[in-house]
Amino acid sequence: MRHRIKPLDAVLETARKHSLERSLGPVQLMLLGVGAIIGTGIFVLTAAAAQKAGPGMIWSFVIAGGVCALAALCYSELASMVPVSGSAYTYTYAVVGELLAWTVGWALILEYAVAASAVSVGWSGYFMGLIESWTGLSLPQQLTAGPAWSFSGVDFSHGVVNLPAIVVALSVTGLLVVGTKESAMFNAVLVVVKVTALTLFIALTLPAGDSAHFQPFAPNGWFGPEGTSGLGIVGAAASIFFAYVGFDAVSTAAEETRNPQRNVPIGLIGSLAICTVFYLLVTIGAIGTIGAQPTALGVQPGSAEFARECAALAARGETPLVCSDEALAHVLRAINESWAGDLVGIAANIALPSVILMMLYGQTRIFFVMARDGLLPERLARVHPKWKTPHVVTILTGFFVAIAAALLPVGKLADISNSGTLFAFFMVSIAVLVLRRRDPDRHRPFRVPMVWIIAPLAAVGCVALFVNLPFEAMLVLPIWGVIGLVAYALFGYRNSHVGRGLTEVHELDRDAPDQPVPPIFSQPQTTEE
């Protein structure tokens, strides 16, 4: 097979013709990062992390944030060099070559779609909790959770279908198909809503804390009981990594940043540090008020055994943190602050659909770019004549997201999404080193400091978190990868534009679908020569 590399000079020439004004400073970048990062993970995954690690999930947030910071620096160097659509897929294509770029793009498709499913399930929990709090009514469990299934010797069982998750997934898909843009002001309001909700939670829970709730601190240890996978403090960190995804909003803003060598790392590390502090304070508040002990040692969240234990506790009038589908709102209601719990529930109901939209957009954009490169059927990149959106791939994605949200618990979806994310970040870390060796003199608006230390640590950190995911989540990535390689062999290899000697770059064509406006800021205007 010929070594196929997407011409980096052609990619950069496209970016140069569509260059953006450098107007963002470090404070703006930090606000952008905070708005993009804070979301589903902290609102939804706190309960699953508690089942895996108990109070030790405090360390899980630190570990996940540290690995994410290392990967973010590598991401930023390539984003500043190759400031076009396609994310890690385009970076890999321009540095390592087509085959690995295909695997990264294929993994990103899995990441974004499954992540959107996870957020849909998380929204469902908060929505039903709010309805029950206000009306006292609730749907039967058969309509708010997926069906029974078994994998790797573990039974996962809840109900029949998660109806609210289907509704929100398809609704957001419909909005994306007709080209609804999120305004900068709307996104700014959402950031304020999320941060205010977490601040309220911290203010009410920290004073009510009890140090006795922190013992035992690590009931499942660092790596879980022997014979289990995905448990313990490190296992929880692998799941909690989902809470930090979104930092690439800062990385891809490198082209719009004044003095990127200084301001990009400030924006990245600053936003990650702010979010980590928020996450730690929220976690400490939740643990201190009602505790965070697992229902039993070695039991996976979302499993049939876990569901039975939570049902038995509920029959006795007990609902611990680990059994809640709306963790933060549940904590506030448990300490007789129902009004605040409802406000946090409202904040989650308002903010999470926006997160679903951005994840769906990210997935369809990767699909779109790969189709324009000839690696997928180009009819998937067909843009609707009226709405100017890639409606075919958006509808297909939306149905996939709705099906996954209907059938799987949020923790499992987050773990599966993380497997694709960690692989993509690992490849970005390697690509930085390859390009430093292959093309050391090329201009880099941002350079990773101590790259021969930072990039290997990022790669090792991604691998370490990946191998501490539950076994079934790890297995999804190679199975998905094999399916992708078959698709590449049957179609992509023969139809690739690069393989056919075509060097045009489509990422910023005029007929490309519009991108939703990034949080906080209005869409920058492009300048053409």
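Residues numbered from 1 in each chain as written. Predicted model: local features only at pLDDT ≥ 70, side-chain atom pairs only at ≥ 80, totals over all residues. Heavy atoms only, no water.

From N to C terminus, the chain includes 19 helices and two strands. Across the 529 residues of the chain, 59% fall into the buried class. In the chain, 82% of the contacts between residues at least 6 apart in sequence involve partners at least 24 apart. Here the chain has roughly 20,100 Å² of accessible surface; of this, 65% comes from carbon and sulfur atoms. (Helix = DSSP H or I, 4+ residues; strand = E, 2+ residues; numbered from the N terminus. Buried < 20%, exposed > 50% of the residue type's maximum accessible area, 1.4 Å probe, protein only. Contact = heavy atoms within 4.5 Å. Areas by Shrake-Rupley, 256 points an atom, 1.4 Å probe, with all protein chains shown as cover.)

Phe43, Met57, Phe241, Tyr244 and Tyr279 are the most contacted members of the largest nonpolar core, which totals 148 residues. Broken down by element, this core gets its largest block of residues, 18 residues, from helix 7 (residues 98–135). Among all residues touching Phe43, those that are not within four sequence positions of it are Tyr126, Lys194, Ala197, Leu198, Ala327, Leu328, Val344 and Ala348. (Core = buried A, V, L, I, M, F, W, Y, C linked by side-chain atoms within 4.5 Å.)

A few words now on the packing of helix 5 (residues 57–81) against helix 10 (residues 232–240). Close contact between helix 5 and helix 10 brings their axes to 8 Å; oriented N to C, the two are set at 55 degrees. The orientation of helix 5 with respect to helix 10, classified from their angle, is oblique. Like other packed secondary-structure pairs, helix 5 and helix 10 cross with a definite hand, here right-handed. Where helix 5 abuts helix 10, its residues Met57, Trp59, Ser60, Phe61, Ile63 and Ala64 lie against Ile233, Ala236, Ala237 and Ile240. (Axes fitted to C-alpha atoms, helices over the stretch in contact; angles between N-to-C directions. Parallel < 35°, antiparallel > 145°, perpendicular 65-115°, else oblique. Left-handed = near helix turned anticlockwise from the far one by under 90°.)

The next subject is the side chain of Glu98. Tracing the backbone through its elements, the reader meets Glu98 in helix 7. With near-sequence residues (within four places) excluded, Glu98 lies in contact with Arg4, Tyr93, Leu375, Tyr488, Ser496, Val498 and Gly499.

For the coordinates displayed, the defined rule picks out one disulfide. The partner cysteine of Cys310 in its disulfide is Cys323, sulfur to sulfur 2.0 Å. One quick way to see it: the torsion about the S-S bond of Cys310 and Cys323 is about -85 degrees, and its sign makes the bridge left-handed. Taken together, the residues Cys310 in helix 13 (residues 304–315) and Cys323 in the loop between helix 13 and helix 14 (327–334) connect sequence positions 13 residues apart. With relative accessibility at 12%, the residue Cys310 sits in the buried group. Sulfur of Cys275: no disulfide; nearest cysteine sulfur belongs to Cys68 and is 9.6 Å away. (Disulfide = S-S within 2.5 Å.)

The next thing to look at is the environment of Ile287. Of note, Ile287 is situated in helix 12 (residues 260–290). Judged by relative accessible area, Ile287 falls into the buried class, the value being 0%. In this structure the C-alpha to C-alpha distance between Ile287 and Val331, which are 44 residues apart in sequence, comes to 9.1 Å. What Ile287 contacts, discounting residues up to four positions off in sequence, is Pro55, Met57, Ile58, His213, Phe214 and Ala292.

Another aspect to go through is the pattern of salt bridges. For the structure on display, the rule yields seven salt bridges. One salt bridge in this structure joins Asp415 and Lys52, with 3.1 Å as the shortest N-O distance. In this pair, Asp415 sits in helix 17 (residues 410–438) while Lys52 sits in helix 4 (residues 46–53), placing the two residues 363 residues apart along the sequence. Taking relative accessible area as the criterion, Asp415 reaches 1% and is therefore assigned buried. Arg436 is the partner of Glu77 in a salt bridge, and the nearest nitrogen-oxygen pair spans 2.9 Å. You can see Glu77 sitting in helix 5 and its partner Arg436 sitting in helix 17, a full 359 residues away along the chain. The pair Glu77 / Arg436 is uniform in exposure class, with both members buried. Salt bridges sharing common partners tie together Glu77, Arg436 and Arg444. (Salt bridge = Lys/Arg side-chain N within 4 Å of Asp/Glu carboxyl O.)

As far as function goes, none of this settles anything; it's purely spatial.
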